[in-house]
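Residues per chain are reported as follows:
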Amino acid sequence: MAASKPKWATVKTTLPARPLPLNASRSPVTTDSLLIRPLVPEDARSLHILRTQPEVMANSPQGRPDKDLEETQQRLSPFLSPNDEKTFNCAICLKDTGELIGIGGCHQLVSMFGWPAIGYMIRTEFWGQGLATEFVKAWLESWCELPRAEAELEIDRRTLLSDEDEESSPEQVTAFTLVDNIGSQRVLEKAGFERFLTWEEADLRDPALQVTLIGYRYVLGDHLRN
Ligand SMILES: CC(C)(COP(=O)(O)OP(=O)(O)OC[C@H]1O[C@@H](n2cnc3c(N)ncnc32)[C@H](O)[C@@H]1OP(=O)(O)O)[C@@H](O)C(=O)NCCC(=O)NCCS
């Protein structure tokens, strides 16, 4: 499918109420294998190990490992005070040891589709153990538990569930993956996301090339508790 210009619609929906809870007030969450907690400045070194693994970074828009610790610190800063009010990104740690093995959550309240976006990365030594799926499921629960506020949002019309939803649309979280990132697609599908769009655009890693991307959405609807 050729790249087409997004067409925008204004919908009434909900979003997590602002300000988002600050890192200092967010409670850690545990799952069978993971401790999911707010990020702290001291995570920079562990994050640097993650973000200098070529296999981890290959599918990111940056497409390459961080150059040095300072670059990793810059990447961490949007998730630390005073920026923590605008993001909901977490350290993904092993429950047994506390070791940071990944990062994930909402790095962007307004994605290319207008809805909040989720992303995640896990250190290669821990791939294939179900940990990313475990993280996304737990993160979605925390996201759904945040207090809600009514919102009017400009969203990409292609995310709409049907024409009837044009004026009032249930809240969504969106994600996108490269077409060949099968692992990430499986994570999203196992966590309850639905594939809604395939498109091509310039590759951020090399704008001379085109890439095929797949868009996913998770409709919060009945999952919201308040
Ligand atoms: C994508 C990523 C997060 C997956 O993490 P993970 O912890 O290995 O994922 P899970 O173990 O929860 O796997 C979920 C499913 O995907 C499958 N899967 C994982 N990696 C896969 C791969 N490379 N190829 C095919 N299937 C894969 C698993 O087998 C599992 O499916 P199954 O239960 O049906 O067997 C990890 O590979 C990663 O960090 N990649 C680099 C960063 C990245 O691409 N982030 C996403 C950007 S959109």
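Coordinates for the structure precede this section.
Heads up: these notes are all about the structure in this document. Bear in mind that the values here come from a model prediction, so they are computed numbers and not experimental data.

## Overview of the pattern of salt bridges
No. 1: Considering all chains together, one arrives at 14 salt bridges under this definition.
No. 2: With its nearest N and O atoms 3.1 Å apart, the salt bridge here joins glutamate 125 to arginine 123.
No. 3: By relative accessible area, arginine 123 is classed as buried at 8%.
No. 4: Across the pair glutamate 189 and arginine 195 runs a salt bridge, and its minimum N-O distance is 3.8 Å.
No. 5: Here glutamate 189 falls in the partly exposed class, since its relative accessible area comes to 34%.
No. 6: A relative accessible area of 41% means that arginine 195 is categorised as partly exposed.

## Here's the deal with the site of the ligand
No. 1: Near the ligand, the surroundings consist of 21 residues, among which Gly128, Gly130, Thr133, Arg186 and Lys190 are the closest.
No. 2: Between an oxygen atom of the ligand and a side-chain N or O atom of threonine 133, the distance comes to 2.6 Å.
No. 3: Note that an oxygen atom of the ligand is positioned 2.7 Å from one of the side-chain N or O atoms of arginine 186.
No. 4: Considering the ligand on its own, with 920 Å² of exposed area, one finds that the protein chains cover 71% of that surface.
No. 5: For the shell around the ligand, the secondary-structure elements that each account for two or more residues are strand E6 (117-122), helix H4 (131-145), strand E8 (172-178) and helix H5 (182-190).
No. 6: Looking at the shell around the ligand, the element that brings in the most residues is H5, giving 6 residues.
No. 7: When the residues that make up the shell around the ligand are grouped by side-chain class, the tally is 10 nonpolar, 9 polar and 2 charged.

## Focus: helix H1 (residues 44-51)
Each full turn of the α-helix corresponds to 3.6 residues, which orients residues three or four apart in the same direction.
No. 1: Restricting attention to buried positions, one finds in H1 the residues Ala44, Leu47, His48, Leu50 and Arg51. Considered in projection along H1, the buried side chains sweep an arc of 160° and stay on one side of the axis.
No. 2: Looking at the buried side of H1, the elements it contacts are helix H2 (54-57), helix H3 (69-76), strand E5 (100-108) and E6.

## Brief notes about the pairing of E6
No. 1: Within E6, 6 of the 6 residues are buried, which leaves the element mostly enclosed by the surrounding structure.
No. 2: The two faces of E6 match: Ala117, Gly119 and Met121 on one face and Ile118, Tyr120 and Ile122 on the other face are all buried.
No. 3: The pairing of E5 with E6 spans 6 bridges and is antiparallel. The residue bridging glycine 102 from the neighbouring strand is isoleucine 122, located in E6.

## Some remarks on the state of the cysteines
No. 1: A full pass over the atoms with the stated rule returns 0 disulfides.
No. 2: The thiol of cysteine 93 is unpaired, and the distance to the nearest cysteine sulfur, on cysteine 90, comes to 9.7 Å.
No. 3: Judged by relative accessible area, which is 0%, cysteine 93 ranks as buried.
No. 4: With no disulfide of its own, cysteine 106 lies closest to cysteine 90 among cysteine sulfurs, the gap being 9.9 Å.

Criteria and cut-off values
Residues numbered from 1 in each chain as written. Predicted model: local features only at pLDDT ≥ 70, side-chain atom pairs only at ≥ 80, totals over all residues. Heavy atoms only, no water. Salt bridge = Lys/Arg side-chain N within 4 Å of Asp/Glu carboxyl O. Buried < 20%, exposed > 50% of the residue type's maximum accessible area, 1.4 Å probe, protein only. Near = heavy atom within 4 Å. Polar contact = N/O pair within 3.5 Å; in protein donor to acceptor, adjacent residues only side chain to side chain. Areas by Shrake-Rupley, 256 points an atom, 1.4 Å probe, with all protein chains shown as cover. Helix = DSSP H or I, 4+ residues; strand = E, 2+ residues; numbered from the N terminus. Nonpolar A, V, L, I, M, F, W, Y, C, P; charged D, E, K, R; others polar. Arc of directions from axis to C-beta. Contact = heavy atoms within 4.5 Å. Pairing = 2+ DSSP bridges. Disulfide = S-S within 2.5 Å.

From the geometry alone we can't say anything about function, so treat these as descriptive.
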